[in-house]
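# Residue-level structure breakdown
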Amino acid sequence: MHKCKNNCTFAAILGHNGMLTDDIFLELHRILPRFAEDQVFLITDENVARECLPLFESQTADFGQLWQNMLRRHTLVLPAGEAHKNLDTVRRIWDYLQSAGATRRSVVLLLGGGVVTDMAGFAAACYQRGIPFINIPTTLLSIVDASDGGKTGIDYGGLKNQIGLFRPALENIIWLPFLRTLPAEQFLSGWAEMIKHALIASPIEWNRLLAFDLEQYLAAPDEAQEDEFRALITRSMDIKRYVVEQDPEEQDMRRILNFGHTVGHAIESELIGRGQARPHGYCVVWGMVAELYLSHLCLGFPAEVVTQLSSYMKAHYGAVGFSCRDYERLLSLMRHDKKNTDSRISFTLLRHVGSPCAGSHASDEQIKEALDYLFSL
Ligand code: GLY
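Residues numbered from 1 in each chain as written. Predicted model: local features only at pLDDT ≥ 70, side-chain atom pairs only at ≥ 80, totals over all residues. Heavy atoms only, no water.

## Things to note about the overall build of the chain
Stated precisely, the cut-off is as follows: In this description a helix means any DSSP run of H or I spanning at least four residues, a strand means any run of E spanning at least two, and both kinds are numbered starting from the N terminus. We compute the radius of gyration over the C-alpha atoms and compare it with the globule rule, which gives 2.2 Å times the number of residues raised to the power 0.38. The classification of residues rests on relative accessible area computed with a 1.4 Å probe and restricted to protein chains. Under 20% of the type maximum is buried, over 50% is exposed, and intermediate values are partly exposed. Contacts were defined at the residue level, with two residues in contact if any of their heavy atoms lie within 4.5 Å. Each accessible area value is a Shrake-Rupley result obtained with a 1.4 Å probe; residue values ignore everything except the protein chains displayed when judging cover.
Looking only at helices and strands, the chain has 16 helices and nine strands in total. Against the globule reference of 21 Å for 377 residues, the chain gives a C-alpha radius of gyration of 21 Å, in line with a compact fold. Projected onto its principal axes, the C-alpha positions of the chain cover 65 × 45 × 35 Å. Evaluated residue by residue, the chain yields a buried proportion of 55% over its 377 residues. Across the chain, contacts joining residues at least 24 apart in sequence account for 78% of those joining residues at least 6 apart. Of the roughly 15,900 Å² of accessible surface on the chain, a fraction of 51% belongs to carbon and sulfur atoms.

## Some points on the pairing of strand β9 (residues 355-360)
Convention followed: Only when DSSP finds a minimum of two bridges between them are two strands counted as paired.
Among the six residues of β9, six are classified as buried, and the element is accordingly described as predominantly covered. Of the pairings in the sheet, the one linking strand β8 (residues 347-352) to β9 comprises four bridges and is antiparallel in character. For L349, the partnering residue across the bridge sits in β9 and is C357.

## Re helix α4 (residues 65-73)
Structural remark: α-helix, 3.6 residues per turn; residues separated by three or four positions point the same way. Which entries qualify depends on this criterion: Directions pointing from the helix axis toward each C-beta atom define the arc.
Buried residues of α4: W67, Q68, M70 and L71, and no others. Buried residues of α4, viewed axially, fall in a sector of 160 degrees; they line one side. What points out from α4, more than 90 degrees from its buried face, is the exposed set Q65, L66 and R73. Next to the buried residues of α4 lie β1 (40-45), α3 (53-59) and β2 (75-78).

## Re the site of the ligand
Worth spelling out the cut-off: Only a single heavy atom is needed: when it lies within 4 Å of a molecule or strand, its residue is near that molecule or strand. A 3.5 Å cut-off defines polar contacts: any pair of N or O atoms within that distance qualifies, except that in protein one atom must be a possible hydrogen donor and the other a possible acceptor, and neighbouring residues in sequence count only when both atoms are side-chain atoms. All amino acids are sorted into three groups, where Ala, Val, Leu, Ile, Met, Phe, Trp, Tyr, Cys and Pro are nonpolar, Asp, Glu, Lys and Arg are charged, and the leftover types, Gly among them, are polar.
Neighbouring the ligand are the residues D145, K151, K240, E250, R254 and L257. In the environment of the ligand, an oxygen atom lies 2.9 Å from a nitrogen or oxygen atom belonging to the side chain of K151. Note that an oxygen atom of the ligand is positioned 2.7 Å from one of the side-chain N or O atoms of K240. Across the complex, the protein chains shield 89% of the 200 Å² of accessible surface that the ligand would expose by itself. Taken together, the residues of the shell around the ligand break down into one nonpolar, no polar and five charged.

## Let's talk about the nonpolar core
Put simply, the rule is: Take the buried residues of types Ala, Val, Leu, Ile, Met, Phe, Trp, Tyr and Cys, join any two whose side-chain atoms come within 4.5 Å, and each joined set is a nonpolar core.
Within the largest apolar cluster, 77 residues are counted, with the highest numbers of intra-cluster contacts made by W191 and I195. Per element, the largest residue contribution to this core is 13 residues, and it comes from helix α13 (residues 280-299). Leave out the neighbours within four places in its chain, and W191 touches L140, L209, F212, L214, F229, L232, Y312 and Y317. In this structure, I43, Y96, L110 and M119 belong to the second largest nonpolar core, which totals 22 residues.

## Here we look at helix α5 (residues 87-99)
Here is the rule we go by: Multiplying 1.5 Å by the helix residue count minus one yields the expected span of that helix.
Between the first and last C-alpha of α5 there are 18 Å, a value that for 13 residues agrees with the 18 Å anticipated at 1.5 Å per step. Among all positions of α5, only T89, V90, I93, Y96 and L97 are buried. End-on, the buried residues of α5 take up no more than an arc of 120 degrees, which puts them together on one face. Exposed and oriented more than 90 degrees from the buried face of α5 are D88, Q98 and S99. Contacts from the buried residues of α5 go to β1, α4, β2, β3 (107-112), α6 (114-126) and β5 (151-156).

## Quick notes on the confidence of the model for the chain
Basically, it comes down to this: Confidence scores here are pLDDT values: one per residue, from the predictor, ranging 0 to 100.
Of the residues in the chain, 95% reach a pLDDT of 70 or more, and the chain-wide mean stands at 92. The low-confidence segment residues 11-18, where pLDDT is below 50, has 13 contacts with residues more than four positions distant or belonging to other chains.

## What about the layout of surface pockets?
Which entries qualify depends on this criterion: Space inside and on the surface of the protein is sampled on a 1 Å grid over the protein atoms alone, with a cavity defined as a set of points where a 1.4 Å probe fits but cannot get out and a pocket as an open set with protein on both sides within 12 Å along at least 5 of 7 lines; lining residues have an atom within 4 Å of a point. Grid points are joined across faces, edges and corners, and a volume is the space filled by probe spheres set on the points.
Computed from the structure, the second largest pocket encloses a volume of approximately 340 Å³. Looking at the second largest pocket, it is lined by 28 residues, and the ones nearest its centre are S147, D148, G149, P168 and A169. Of all the secondary structure elements, the ones that give two or more residues to the lining of the second largest pocket are α1 (24-31), α6, β4 (133-137), β5 and β7 (171-172). Tallied by class, residues from the lining of the second largest pocket come to 12 nonpolar, eight polar and eight charged.

## Some thoughts on the side chain of D45
The line we're drawing: Positive: Lys, Arg. Negative: Asp, Glu. His and the chain ends are not part of the count. Think of a salt bridge as a Lys or Arg side-chain nitrogen and an Asp or Glu carboxyl oxygen that are within 4 Å of each other.
Secondary-structure assignment places D45 in strand β1. At 7.5 Å, R50 is the nearest oppositely charged side chain to D45, a buried residue that forms no salt bridge. There is a polar contact of 3.0 Å between the side chain of D45 and the backbone nitrogen of N47. Setting aside residues up to four positions removed in sequence, D45 forms contacts with V77, L78, P79, A80, L111 and V116.

## Quick look at the pattern of salt bridges
Summed over all chains, the structure comprises 23 salt bridges. Where D238 meets R241, a salt bridge forms, and the shortest distance between an N and an O atom there is 3.5 Å. On the criterion of helical spacing, the pair formed by D238 and R241 is a turn pair, its members being three residues apart in helix α11 (residues 223-246). Across this residue pair, the class does not change: D238 and R241 are buried. The partner of R274 in a salt bridge is E270, and the shortest N-O contact between them spans 2.9 Å. Given a relative accessible area of 34%, R274 falls into the partly exposed group.

Laid out in structure tokens, this is it:
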């Protein structure tokens, strides 16, 4: 019943170089000289413009006042939030690029979280059949997930990421001080994708993440913790990059990155529909708890690790707050998930930590039992 042909080993990636930088100026100085100064554009949103643009400008001050004035004239600030990740905003980006004289010799810097990099990446990938863009992610979620891997797109017809293209950024510049501008909830949202990467990769990664003192890191990190965080984030990005390199357009192995997302997306959509949206990563953690329980039922995944993740969820993310009255609605949302390849609901389940099986299926009774478990926590 459970196809499991995409097992993989992550041993090969240990020691892979990360792509964090201590100096945005040096990175841009390496990349930008191949573009004319008046062909550099920047797209961001109003929250990022307030919280991160001043930091970005202080980092790039060495380019000089003329360059900064030019860039200021070439900056488009979009409204913030998932509600604006749509065709209307893409049209605004195209109108802007066209009226500002962008051509295929231009480059667009995308400064922001996943909404900005997904949507403006899509707009750049279509404009004049594609102009290069550079992602400069400012949230943990976009660093470890959205900005890397070439997925660009917008929401459409009430569904997330329905229209889009695979088009990798020319470069991905990761500068961790932006994360200090994030509220704890947004940090935890990104941390959820790091939990996902660890669980699909290996017990070593999972135990290392569990051992990291999140509360202390969020309150007052010391130097040793900063070093450990850098190491964890680098390994997390490496795990994602390794998977994407094997299967850039999600024909097979990349589906393992959907672990937690079948149940997670259903919860996220239901909460959005009720006007009670929660950060994506929270929904993914709730989804991972249900899907690990399902992995236990279907593939014999060890019960003690299900308990470990459940306790971690309760300590850091809280409970989902649903009940058995929500089964049918969630099942219906899962049936309409674009990850399904036939009429059945498709999951990435785990045999054990580090052994993901994409394209797994379960009966409605098993799914309800897994939801029961999640709702009881
Ligand atoms: N966010 C999952 C992926 O990039 O495939």
